[in-house]
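The chain contents come next:
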Amino acid sequence: MRVAVVGGGVAGLGSALALARQGHQVSVFERDDTPMPSSADEAFAWDRRGAPQVRHSHAFLARLRNMLATSYPDIHAALLAEGATEMRVDDDLPPTMVGFEREPGDDELVMLACRRTTFEWVLRRAAIADGRVAFRTGEPVVGLVAADEPGRPHVVGVRLADGSTSAFDLVIAANGRRSVLPDWLAELGAPPVHEQVEDTGIVYYSRFYRLRPGCEAPPRTGPIGGDLGYLKYGVFVGDNDTFSITLATPVDDDQLRKLLADPVVFDTTARHLAATAPWLDGRGEPLTDEVHVMAGLLNRWRDHVVDGEPVATGVIPVGDVVLCTNPLYGRGCSTAFWSAHLMADAVAAFGDDLREVALAYDASLRAEILPWYQAGVAQDAEARRVAAALLAGEDPDADTSDPRTFMRAVLRDGLLPAMRTDPVVLRAFFRSLNLLSRPDELATDPDVGARVLAAWQTRDQRPADPPLGPASRADLLDLIAV
Ligand SMILES: Cc1cc2nc3c(=O)[nH]c(=O)nc-3n(C[C@H](O)[C@H](O)[C@H](O)COP(=O)(O)OP(=O)(O)OC[C@H]3O[C@@H](n4cnc5c(N)ncnc54)[C@H](O)[C@@H]3O)c2cc1C
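Residues numbered from 1 in each chain as written. Predicted model: local features only at pLDDT ≥ 70, side-chain atom pairs only at ≥ 80, totals over all residues.

Before going further, it helps to examine the overall build of the protein chain. The secondary structure content of the protein chain amounts to 16 helices and 21 strands. Against the 2.2 N^0.38 benchmark of 23 Å for 482 residues, the protein chain shows a C-alpha radius of gyration of 23 Å, consistent with a compact globule. By its C-alpha atoms, the protein chain is 70 × 50 × 50 Å across when sized along the principal axes. Taking all 482 residues of the protein chain together, 43% fall into the buried category. For the protein chain, the proportion of contacts with a sequence separation of at least 24, taken over those separated by at least 6, is 74%. (Helix = DSSP H or I, 4+ residues; strand = E, 2+ residues; numbered from the N terminus. Rg over C-alpha atoms; globule rule 2.2 N^0.38 Å. Buried ≥ 20, exposed ≤ 12 C-beta atoms within 10 Å, placed from the backbone. Contact = placed C-beta atoms within 7 Å.)

In this section: helix α12 (residues 403-419). Over its 17 residues, α12 runs 22 Å from end to end, which matches the ideal 24 Å to within 8%, given 1.5 Å per residue. Of all the bends in α12, the greatest, near 35 degrees, is centred on Leu-411. For α12, the full list of buried residues reads Gly-414, Leu-415, Ala-418 and Met-419. (Expected span 1.5 Å × (residues − 1). Bend = angle between axes of the 7 residues up to and from the residue.)

One finds Val-6, Ala-16, Val-171, Ile-172, Val-318 and Met-343 to be the most contacted residues of the largest nonpolar core, which totals 131 residues. Per element, the largest residue contribution to this core is 10 residues, and it comes from helix α9 (residues 332-350). Once residues within four sequence positions are removed from consideration, Val-318 is found in contact with Ala-11, Ser-15, Ile-172, Ala-174, Ala-336, Ser-339, Ala-340 and Met-343. (Core = buried A, V, L, I, M, F, W, Y, C linked by C-beta atoms within 7 Å.)

What follows covers the domain arrangement of the protein chain. On domain assignment, one finds that the protein chain holds domain 1 (2-60 + 114-197 + 298-373), domain 2 (202-294) and domain 3 (396-480). Relative to domain 3, the C-alpha centre of domain 1 lies at a distance of 37 Å. (Domains from an automatic or database assignment.)

The next thing to look at is the sheet that holds strand β5 (residues 133-137). Overall, parallel pairing links the 5 strands, which are arranged β5-β2-β1-β9-β20 in an open sheet. The two strands at the open ends of the sheet, each matched to only one other strand, are β5 and β20 (315-317). Going across the sheet, the axis of each strand differs from the next one's by a mean of 20 degrees, ignoring polarity. Of the pairings in the sheet, the one linking strand β1 (residues 2-6) to strand β9 (residues 170-173) comprises 4 bridges and is parallel in character. Along β9, the bridge assignment pairs Ala-4 with Val-171. Each of β2 (25-30) and β5 touches helix α5 (residues 116-129); the most contacted strand, β5, lies at about 125 degrees to it. (Pairing = 2+ DSSP bridges. Axes fitted to C-alpha atoms, helices over the stretch in contact; angles between N-to-C directions.)

Here we come to the site of the ligand. As a structural note, the neighbourhood of the ligand is formed by 36 residues, with Gly-7, Gly-9, Gly-50, Gly-319 and Gly-332 the closest of them. Of all elements in the fold, only α1 (10-21), β2 and α9 reach the threshold of two or more residues within the shell around the ligand. With 4 residues, the top contributor of residues to the shell around the ligand is α9. (Near = placed C-beta within 6 Å.)

Turning next to the sheet that holds strand β21 (residues 323-324). The 3 strands are arranged β10-β17-β21 in an open sheet whose pairing can be described as antiparallel. Every other strand in the sheet has two partners, leaving β10 (194-199) and β21 as the edge strands with one partner each.

Right, let's talk about the environment of Met-419 for a bit. Structurally, Met-419 is set in helix α12. Judged by local crowding, Met-419 falls into the buried class, with 22 C-beta atoms found within 10 Å. With 322 residues separating them in the primary sequence, Met-419 and Met-97 have C-alpha atoms 8.1 Å apart. Setting aside residues no more than four positions away along its own chain, Met-419 makes contact with Val-425, Leu-426 and Phe-429.

Moving on: unusual backbone geometry. Its identity is not glycine, yet Asp-92 carries a phi of approximately 55 degrees, on the positive side. Tracing the chain through its elements places Asp-92 in the loop between β3 (85-88) and β4 (110-113). Taking the C-beta count within 10 Å as the criterion, Asp-92 has 13 such neighbours and is therefore assigned partly exposed. Positive phi outside glycine occurs at Leu-435, with the angle close to 60 degrees.

So, on to the packing of α1 against α9. In the contact formed by α1 and α9, the axes pass within 8 Å of each other and the chain directions differ by 30 degrees. What the angle tells us is that α1 and α9 run roughly parallel. Taken as a pair, α1 and α9 cross one another with a handedness that is right-handed. Within the contact between the two elements, α1 uses Val-10, Ala-11, Gly-14, Ser-15, Ala-18 and Leu-19 and α9 uses Cys-333, Ala-336, Phe-337, Ser-339, Ala-340, His-341, Met-343, Ala-344 and Val-347. Here the residues of the contact of α1 with α9 sort into 11 nonpolar, 4 polar and no charged. (Parallel < 35°, antiparallel > 145°, perpendicular 65-115°, else oblique. Left-handed = near helix turned anticlockwise from the far one by under 90°. Nonpolar A, V, L, I, M, F, W, Y, C, P; charged D, E, K, R; others polar.)

Before going further, it helps to examine the environment of Ser-472. Summarising the element assignment, Ser-472 is placed in the loop between α15 (446-457) and α16 (473-480). The class for Ser-472 is partly exposed, based on 14 C-beta atoms found within 10 Å. Along the chain, Ser-472 and Leu-80 lie 392 residues apart, while their C-alpha atoms are 41 Å from each other.

Attention shifts here to the environment of Pro-286. Within the secondary structure, Pro-286 sits in strand β15 (residues 284-286). Through-space distance from the C-alpha of Pro-286 to that of Arg-212 is 9.9 Å; in sequence the pair is 74 residues apart.

Written out as structure tokens, the structure is:
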């Protein structure tokens, strides 16, 4: 088939790679008009206005890393050759961990560490090197073309900004979180796409650094991120001795929002957080003068099969066009690449029967990825409740009869300590974090549950954990007041 892929981000690249390797001819239309970089550092300076999140910290979960290592060993090797590293479940185990023995299954408990721009650059290079992929940068698609037939639209091509059209057998919409695919479909007379949207409740702030020559990264035996309720934070290892720090505040906290956009205040704040402080002890220098800020972060799921029928055939949405999730969970690139491969599996199974392709793809999205979306939305609702209480100066755990209070206590005083001592709990958590199990497995596995509860029951016999950061928002404001 002749396939158009609209958008050259992670989902577009995954689609192009998978379909090209099935023998299809693929044209990728990417609106950003930027020359191909020749190194990871050049890629970091890439103009990627179409995907501004590339300037933010990115974690690449084991789900994505394993898809690459298994199906694209050449690309996986190229990422490592360009300076990406891997983080295994048993790297930097805390001294409190008892009896961790490597098991064969641990080989898949590995995350990839690199900048988002490095990741995308290496994948784009591999796609371009495949003779069946034409990469057309600086060519935004502005609409779709449908066949002149009765019934729901059948897409047969794309419209370009210069007014021309181009015919294709299949169009993959991979144009990201700002995609207006529902409008394009409506223009063709398709029924409305079903959409559910919820705010993640956070604003994101990221800054990148590089280790100075001769300096090493601090050991990662403790937490690499945390949640103070009023502030969430994490440190992300990048490629080529780079790292980044991300802070996230509740959307309603205007005061912190203004303060943290200032690089000096940002660094001062990070120096008061247990996980990030060691990274800012002078061993690193900023790669960026500014702090990158991103708001408007939504959870959004779109159904393109309505009343049992695709709203249109000949066009398949992948990646953020289908689902956007809270960046804090680091799932978006994994679900983007995963969805592209579910799409390619459906194409491999049903070929040019595009109605069946759409239905099979929709069924696999619902079976595999929708549960993760729903779990994230539920987690965000709870985080928003806690953040709102703290912003109002209230105790989110005041109501001891509320089951959510008990759950928070079990997570804080059961799961977290058990992860530092018990290999079974650590592995189960890692699998869940990395989309390798189902979202409810961590909470419903009886063995893991018993171990977590045992840790919770001995909570008073352990010394108190060292503070993760300033105890309250007011304390932080005192520390960073300018
Ligand atoms: C602040 C932030 C932090 C994140 N952190 C993480 C993380 O740690 N880990 C993780 O896995 N995910 C993370 N994500 C999510 C991740 O970035 C996205 O889920 C992922 O990029 C989705 O890939 P995509 O290909 O669908 O969209 P994108 O990567 O956004 O790509 C869309 C592409 O389409 C192009 N385009 C747009 N319109 C058109 C058009 N009309 N014609 C042609 N081209 C067009 C754009 O230029 C862009 O290149 C984060 C997101 C945000 C916002």
